[in-house]
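Residues per chain, in single letters:
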Amino acid sequence: MLTHDENELMCRVGPGTPMGEYLRRFWFPAMMSEELPEPDCPPVRVRLMGEDLVAFRDTNGAVGLMDNYCPHRRASLFFGRNEESGIRCVYHGWKFDVHGDCVDMPSEPAESNFKDKVKVTAYPCQERSGFVWTYMGPPDKTPQMPDFEWMHVPEENRGFAKFIYECNFVQSVEGEIDTVHASFLHSNLDARTVAPAATTSGGRYMYNERWANFFVRNKDYGLLIGARRPAENDSYYWRISQWLHPFYTMTPREPGTGENSYVRCRMWVPRDDETTWVYLSHWHPRRPMYDEDRREIASCRNLIPGTWRAKANIENDYLIDREMQKTKTYAGMPRGTGRVEDAAMIETMGKVVNRELEHLGTSDLAIIAMRRRLIKGAQELQEGIEPMQAHNPEIYRQRSSSAVLPRDVVFDEDPEVIKEITADL
Amino acid sequence: MLTHDENELMCRVGPGTPMGEYLRRFWFPAMMSEELPEPDCPPVRVRLMGEDLVAFRDTNGAVGLMDNYCPHRRASLFFGRNEESGIRCVYHGWKFDVHGDCVDMPSEPAESNFKDKVKVTAYPCQERSGFVWTYMGPPDKTPQMPDFEWMHVPEENRGFAKFIYECNFVQSVEGEIDTVHASFLHSNLDARTVAPAATTSGGRYMYNERWANFFVRNKDYGLLIGARRPAENDSYYWRISQWLHPFYTMTPREPGTGENSYVRCRMWVPRDDETTWVYLSHWHPRRPMYDEDRREIASCRNLIPGTWRAKANIENDYLIDREMQKTKTYAGMPRGTGRVEDAAMIETMGKVVNRELEHLGTSDLAIIAMRRRLIKGAQELQEGIEPMQAHNPEIYRQRSSSAVLPRDVVFDEDPEVIKEITADL
Amino acid sequence: MLTHDENELMCRVGPGTPMGEYLRRFWFPAMMSEELPEPDCPPVRVRLMGEDLVAFRDTNGAVGLMDNYCPHRRASLFFGRNEESGIRCVYHGWKFDVHGDCVDMPSEPAESNFKDKVKVTAYPCQERSGFVWTYMGPPDKTPQMPDFEWMHVPEENRGFAKFIYECNFVQSVEGEIDTVHASFLHSNLDARTVAPAATTSGGRYMYNERWANFFVRNKDYGLLIGARRPAENDSYYWRISQWLHPFYTMTPREPGTGENSYVRCRMWVPRDDETTWVYLSHWHPRRPMYDEDRREIASCRNLIPGTWRAKANIENDYLIDREMQKTKTYAGMPRGTGRVEDAAMIETMGKVVNRELEHLGTSDLAIIAMRRRLIKGAQELQEGIEPMQAHNPEIYRQRSSSAVLPRDVVFDEDPEVIKEITADL
């Protein structure tokens, strides 16, 4: 459990909050590049870290991300004209380039130099590997972008999805590094397995022994988490995942499926205190995605058209089917429609879960460690210690995995595992 | 009128509030038994006294009513699996019995005794006469259930309805013990009568003389209220009703219709500060309900499907028809659709009416007396005086009635009336 | 820019606020007369200055405007019976006349004099020229109604519209006295003109030179504003408008079109802090409205049926069409549907724009002057100085206009202009 104050510090992300300042020391995705398909296309609203922003792709293809409100009289720039290398407020024609500089002010006399004194808050953007990344912190602290392996593999090896969770980012992250829930929430009653690994030995191991022994290692990038369950008589099944500062996760792949199973990197970017942008970036280090891989990722896009919200959501009880719950799956919710089972658990806790009332067990060791690191990062920044992760992009070269190992081997002492979880670029 | 502070004390029902604590000293209905039709059926959300609860009927038929949030990580138990004598959270499989004890915790090591330390807040339930009754107060103060006559008559003598009022429970109760409003709100312009007694002498008496003389008697169970209007030249028409601690009412039957008219017990259970569960329990002491009685009760069920909200509600101005108001009924609202006329009056006052601004007359004597008793009950409990009503179930053996009596007889001195309003079980 | 405190003082209009008290020193429109089409017609809800009121036309044709809540037990008078020279609450039959006096109280004994002690807050109303005007201030300060020219011209010379802006009244007024925005927001890309003056020389002048030189004159009624742009080589184009205490505006007509162009008086009445009633009153001093004039005014009535809200609104991004924005009009929004372009600018600033963050230029001189006068009016009233405008109706005899003048003539020194902008009744 956390005290009320600890919980507030950990969850609030607006400008000026300790966690808000900490997160603003990192580059993170603001949107997908495809949302701005071509130069001078329509602007897009972006709510991010509790701020209302507008994004546009200018005539030269550069992306601008800035305050939604024109500094003149605060009309919305979303309705602006995206033309000739800048966005122009339609109220009085003030025009801003991607840097936020006012480059035209036709409502003032030609000789006026007022234009040179006006700027709109704009955040630098970089496009890489399908995402528009932004940095919302102080310019003199500008960090480097994380150097994920999936930024380096061929496009056909990758797959993406985007949607919203209607709750705070921390409980979104917690839901992801909590490998034990898969043995329940995602399990199949009829086949006595766990999805999505239903057809592999891992799926059976996770169903047979549902609790796990956790081995949590502190790493420079964050946490390396090994969760151990019995496999065969002489072996253990290890599920190996990572949490990377400040809100990236990699969840386990299937055991012995090095060639079959892709790596899952997920990014839990605060939209505001009470909603989270979820980005899935899946990749295979050595081969193109299979069709079935693409189908699985596409299933996360079963959204209400024109929104990033899943069709099965908190308003409709996630379309739970009690008959299905009795006979087929543990949760009775639709699969292949946007991570419904996960959303139902973390969203119904409340927008920001009250952690004074929780009761954590040994299965929550990774969650406890993650919270500690996250809070420590924010507190250290308040004391003037900058996050080293933001300046060491190479530490993000990680991969999740899983393995069946002899009973006397700890996961991070096995040379094959070490090799598999290291993206040596 | 009441001061702001008196009003707050009287209306707020959450845990820890004076009135909330007072009400929690009584058993009251949490839901209807039919909402949980069979063992292991789907759980049901129940909002009660400002608390979000989940109800389920276990394998043995026992009803559990507990906090909606799993004590582990606060996922909603509503989505839980109701199986094998308990409800199981689908997140990590923690299972609770109807007493709130954790009876299985498969996400932790088998040898863990963590399970024995975890409990979810659960309230005891008893089923009687079509309702699930619960007690939400301290276990060592557990009272007895009220012993209403309708709990003893054959099932065919009874009829029920359930719906929501979108306002505080006190103004709901006030609307019920205010017999004078019937002469206006429920009157028929064309027939010069008052509904639902339109075809009886009472309906004419109430139309002819609309104000009434009130005779309010303090009783151990609450208030006995006689409202007197002229009937014939040598007689008065008495309408006799009861308010019983803390939120039960019985409204008048028709005069001289001992064999024709059923008794109306109504229960106004706080859903939270701003909404009220309304339960109608109608019964006849000596005969089965007639078909027309059942039709009248069923008319209160004209609800939006899947909800407990009336189709004619505050969002659509209660479907008022101004032409009907000009020519047929005083209020111009649909009848036979869920007590629309009453709801329109008490809901439009605001969720919690501001009683600093009201102006009470002699027709409000019963309301004034009820408030005094209710506030006194809460205040006495704060001083350590437990409510005697909660421990004397037999005092709830009351019936409402009405009578035409000679002008020199006061209602509660007439032996026939005394006999009629006493349910001598 | 304004400080937070100045902005609050200027924008908040509820009872007891400085600006609320100031505005309550004036008569202003509460509704249109046609909303109460005949004696004893259905009552109408009116939200005004943050107060929930109900309006009705009694049997004699007089309009009552009073607190929505019956003083007895606070039921809504909106559901009341409008009959026999008063509105009667359907709960207990209490009846009030247009002065708020209780004229019948049938729920109390006939000999009761309680009726004489009860009053409902009612505001005096006068009907003039299509509007119901009300005065919500202290009776001993009752002012005179403004004497606009449009109250004196024949009915066929006039046209009206009514709708809601979903923001505070001050930014509504600001949007109207800001003549420069027309050169951008309302301009046509394809014809290189400004609407609605697209077919006149004014429309071309405003497109050719978009900024303007402002000449702001303090007048007893408020502000006289001249905005000057180059016309031909030897002339300037002047747009002349007025702001009149406390929230009336007149916007420019076309140059040299004295006989062709009507005068536009607009009234921006606070519904509450966050919404504004917009009333357009257009008139021609000397001739009937042309059909095209009527079409233009009618276009402002493209509302969602049963509401005063425009079909193109903030929920649907004002139906912006990005292709139209690229090729035809500056804003790309539908015209002829309720002043969509204007609403999109001032509503998206937020319900009450944060004026600490704005950056005003020379084009905002009129806005700055208006704010100063408005704040000063409220502050002086706090010091006991009553607004002289409220007691001098004749100062409202103004007209907006425009003119093309030789370069050496200032607009308010030209005799023809003086004559045109003065409604000499």
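Quantities reported herein were computed from a predicted structural model and do not represent experimental measurements.

Caption draft 1: Summary view of the overall build of chain A. Summing up its helical and strand segments, chain A has ten helices and 20 strands in all. Over its C-alpha atoms chain A spans a radius of gyration of 23 Å, differing by no more than 12% from the 22 Å that the globule rule assigns to 425 residues. Reported as C-alpha extents along the three principal axes, the dimensions of chain A are approximately 85 × 50 × 45 Å. For chain A, restricting intrachain contacts to residue pairs at least 6 apart in sequence, the fraction spanning at least 24 positions comes to 61%. Total accessible area on chain A stands at roughly 15500 Å², and carbon and sulfur atoms take up 48% of it. Here chain A contributes 52 positive and 65 negative side-chain charges, whose respective centroids are spaced 2 Å apart.

Caption draft 2: Quick peek at the relation of the copies chain B and chain C. When chain B is fitted to chain C, the residual RMSD is 0.1 Å, and the transformation amounts to a turn of 120° plus an axial shift of 0.1 Å. Here the two chains are linked by the operation of a three-fold rotation axis. Every residue of chain B has its C-alpha some distance from the rotation axis, and the shortest such distance is that of B:Glu315, at 11 Å.

Caption draft 3: Main features of the interface of chain C and chain A. Counting from both sides, the interface comprises 35 residues of chain C and, opposite them, 30 residues of chain A. Counting the surface chain C buries against chain A, the share from its top three residues, C:Trp211, C:Arg322 and C:His359, is 23%. Among the salt bridges present, the one from C:Asp178 reaches A:Arg73, with a minimum N-O distance of 3.6 Å. On the surface where chain C and chain A come into contact, there are 15 residue pairs in polar contact (both at pLDDT 80 or more). Contributing elements (two or more residues each) for the side of chain C that touches chain A: α3 (169-176), α4 (182-185), α7 (322-327) and α8 (340-347) of chain C.

Caption draft 4: Structural view of helix α1 (residues 4-11) of chain C. What α1(C) keeps buried is the set C:Asn7, C:Leu9, C:Met10 and C:Cys11. The inward-facing, buried residues of α1(C) contact α2 (18-23), α3 and α9 (365-382) of chain C.

Caption draft 5: Highlighting the environment of B:Thr193. Turning to its location among the elements, B:Thr193 is positioned in strand β13 (residues 193-194). Expressed as a C-alpha distance, the spacing of B:Thr193 and B:Arg373, which sit 180 residues apart in the sequence, is 33 Å.

Caption draft 6: Geometry of the state of the cysteines. In the structure shown here, the tally under the stated rule is zero disulfides over all chains. The cysteine A:Cys89 is free of any disulfide, with A:Cys70 supplying the nearest cysteine sulfur at 4.1 Å. When its relative accessible area of 2% is taken as the criterion, A:Cys89 is described as buried. In this structure C:Cys125 is not part of a disulfide, and its nearest cysteine sulfur, from C:Cys41, lies 13 Å away. Classification of C:Cys125 by relative accessible area gives partly exposed; the value is 21%.

Caption draft 7: Here's a closer look at the nonpolar core. Ranked by size, the top nonpolar core spans 132 residues in total, and within it B:Leu48, B:Trp133, B:Trp150 and C:Phe96 carry the most contacts. Among the elements that take part in this core, helix α9 (residues 365-382) of chain B stands out by supplying eight residues, more than any other. Not counting residues within four places of it along the chain, the set of residues in contact with B:Leu48 comprises B:Phe28, B:Pro29, B:Ala30, B:Leu53, B:Leu65, B:Thr134, B:Met136, B:Val269, B:Pro270, B:Arg271 and B:Trp277.

Caption draft 8: Structural view of the packing of α3(C) against α9(C). Residue and element names in this part refer to chain C. Following both chains from N to C, one finds α3 and α9 inclined at 140°, their axes separated by 10 Å at the closest point. Note on packing geometry: the crossing formed by α3 with α9 is right-handed. Seen from α3, the contacting residues are Phe169, Val170, Val173 and Glu174; seen from α9, they are Ile367, Met370, Arg371 and Leu374. Considering only residue class, the contact of α3 with α9 consists of six nonpolar, no polar and two charged.

Caption draft 9: Representation of the confidence of the model for chain A. In the predicted model, chain A carries a mean pLDDT of 94, and 97% of its residues have values of at least 70. Under the prediction, the complex receives an ipTM of 0.95, its pTM being 0.95.

Caption draft 10: How the structure looks around the environment of C:Ser107. Mapped onto the elements of the fold, C:Ser107 is located in the loop between β8 (102-104) and β9 (125-128). Measuring from C-alpha to C-alpha, the distance between C:Ser107 and C:Glu356 comes to 55 Å, with 249 residues separating the pair along the chain. In this structure, C:Ser107 is in contact with B:Val180, B:Phe184, B:Trp211, B:Ser363, C:His92 and C:Trp94, ignoring residues within four places of it in sequence. Here the side chain of C:Ser107 touches C:Trp94 through a polar contact of 2.9 Å, side chain to side chain.

Caption draft 11: Fine view of the sheet that holds strand β7 (residues 95-96) of chain B. Residues and elements named next belong to chain B. The strand order across the open sheet formed by four strands is β5-β6-β7-β8, and the pairing between neighbours is antiparallel. One side of each edge strand has no neighbouring strand; the edge strands of this open sheet are β5 (81-82) and β8 (102-104). Relative to strand β6 (residues 87-88), β5 is paired through two bridges, and the arrangement is antiparallel. Its bridge partner being in β6, Asn82 is matched across the sheet by Ile87.

Caption draft 12: Structural view of the interface of chain B and chain C. If you look at the interface, chain B gives 35 residues, while chain C gives 30 residues. Each partner contributes to the roughly 2800 Å² buried at the junction of chain B and chain C, and carbon and sulfur atoms together form 56% of this total. The largest per-residue losses of area from chain B upon contact with chain C belong to B:Trp211, B:Arg322 and B:His359, which jointly make up 23% of the total buried on that side. At the boundary of chain B with chain C, the tally comes to three salt bridges. Its salt-bridge partner being C:Arg73, residue B:Asp364 comes within 3.6 Å of it at the nearest N-O pair. For the side of chain B that touches chain C, the secondary structure elements donating two or more residues are α3 (169-177), α4 (182-185), α7 (322-327) and α8 (340-347) of chain B. If one sorts the elements of the side of chain B that touches chain C by residue count, α7(B) sits on top with three residues. By residue class, the composition of the side of chain B that touches chain C is 17 nonpolar, ten polar and eight charged.

Caption draft 13: Just the sheet that holds strand β9 (residues 125-128) of chain B, in detail. Residues and elements named next belong to chain B. Taken together, three strands build an open sheet; the order of strands is β1-β10-β9 and the sheet is antiparallel. Two strands lie at the open edges of the sheet, namely β1 (27-32) and β9, each paired on one side alone. Recorded for the sheet is a direction-independent mean angle of 35° between the axes of neighbouring strands. Sheet analysis places β9 next to strand β10 (residues 131-135), joined by four bridges and oriented antiparallel. Bridge pairing in β10 links Cys125 to Thr134.

Caption draft 14: Region of the structure containing unusual backbone geometry. All names here are of chain A. Between His245 and the following residue, Pro246, the backbone shows a cis peptide bond with an omega angle of -10°. By secondary structure assignment, the location of Pro246 is in the loop between β16 (235-244) and β17 (248-251). Despite not being glycine, Tyr318 shows a phi value in the positive range, around 55°. By secondary structure assignment, the location of Tyr318 is in the loop between α6 (291-299) and α7 (322-327). Classification of Tyr318 as buried rests on a relative accessible area of 1%. A positive phi angle, close to 55°, is found at Leu319, a residue other than glycine. Examined against the element boundaries, Leu319 turns out to sit in the loop between α6 and α7.

Caption draft 15: Molecular detail of the packing of aromatic side chains. Summed over the entire model, instances satisfying the criterion amount to 72 aromatic pairs over all chains. Judged by centre distance (5.2 Å) and plane angle (75°), the rings of A:Phe148 and A:Tyr248 are edge-to-face. Here A:Phe148 is found in the loop between β10 (131-135) and β11 (158-165), whereas its partner A:Tyr248 is found in strand β17, with 100 residues between them in sequence. Both residues of the pair, A:Phe148 and A:Tyr248, belong to the buried class. Taken together, a centroid distance of 5.8 Å and an interplanar angle of 35° make the contact between C:Tyr165 and C:Trp268 tilted. Taken together, the residues span a long stretch of sequence, with C:Tyr165 in strand β11 (residues 158-165) and C:Trp268 in strand β18 (residues 263-272) at a distance of 103 residues. Here the aromatic cluster, defined as three or more aromatic residues joined through ring pairs, consists of A:Phe28, A:Phe131, A:Trp133, A:Phe148, A:Trp150, A:Phe160, A:Phe169, A:Phe247, A:Tyr248, A:Tyr279 and A:Tyr396. One cation-aromatic arrangement involves A:Arg210 over A:Tyr207; the distance from NZ or CZ to the ring centre is 4.4 Å.

Caption draft 16: How the structure looks around the packing of helix α1 (residues 4-11) of chain B against α9(B). Residues and elements named next belong to chain B. One way to put it is that α1 packs onto α9 with a least axis distance of 10 Å and a crossing angle of 80°. With respect to their mutual orientation, α1 and α9 come out roughly perpendicular. Where α1 abuts α9, its residues Glu6, Leu9 and Met10 lie against Arg371, Leu374, Ile375, Ala378, Gln379 and Gln382. For the contact of α1 with α9, the class distribution of residues is five nonpolar, two polar and two charged.

Caption draft 17: Representation of the side chain of A:Asn82 in the model. Here A:Asn82 is to be found in strand β5 (residues 81-82). Exposure remark for A:Asn82: the relative accessible area of 5% places this residue in the buried category. Among the polar contacts listed, one links the side chain of A:Asn82 to the backbone oxygen of A:Cys41, at a separation of 2.8 Å. In terms of polar contacts, A:Asn82 uses its side chain to reach the backbone carbonyl oxygen of A:Arg57, at 2.9 Å. Excluding anything up to four places from it in sequence, A:Asn82 contacts A:Asp40, A:Cys41, A:Pro43, A:Phe56, A:Arg57, A:Asp58, A:Ile87 and C:Lys326.

Definitions and cut-offs
- Residues numbered from 1 in each chain as written.
- Chains lettered and ligands numbered in written order.
- Predicted model: local features only at pLDDT ≥ 70, side-chain atom pairs only at ≥ 80, totals over all residues.
- Heavy atoms only, no water.
- Helix = DSSP H or I, 4+ residues; strand = E, 2+ residues; numbered from the N terminus.
- Rg over C-alpha atoms; globule rule 2.2 N^0.38 Å.
- Contact = heavy atoms within 4.5 Å.
- Areas by Shrake-Rupley, 256 points an atom, 1.4 Å probe, with all protein chains shown as cover.
- Lys, Arg positive; Asp, Glu negative; His and termini not counted.
- Charge placed at Lys NZ, Arg CZ, Asp CG, Glu CD.
- Least-squares fit on C-alpha atoms with pLDDT ≥ 70 in both.
- Buried area = accessible area lost by both parts, 1.4 Å probe.
- Salt bridge = Lys/Arg side-chain N within 4 Å of Asp/Glu carboxyl O.
- Polar contact = N/O pair within 3.5 Å; in protein donor to acceptor, adjacent residues only side chain to side chain.
- Buried < 20%, exposed > 50% of the residue type's maximum accessible area, 1.4 Å probe, protein only.
- Disulfide = S-S within 2.5 Å.
- Core = buried A, V, L, I, M, F, W, Y, C linked by side-chain atoms within 4.5 Å.
- Axes fitted to C-alpha atoms, helices over the stretch in contact; angles between N-to-C directions.
- Left-handed = near helix turned anticlockwise from the far one by under 90°.
- Nonpolar A, V, L, I, M, F, W, Y, C, P; charged D, E, K, R; others polar.
- pLDDT = per-residue confidence, 0-100.
- Pairing = 2+ DSSP bridges.
- Phe/Tyr/Trp six-rings, centres within 6.5 Å; stacked < 30°, edge-to-face > 60°.
- Lys NZ or Arg CZ within 6 Å of the ring centre and 35° of its normal.
- Parallel < 35°, antiparallel > 145°, perpendicular 65-115°, else oblique.

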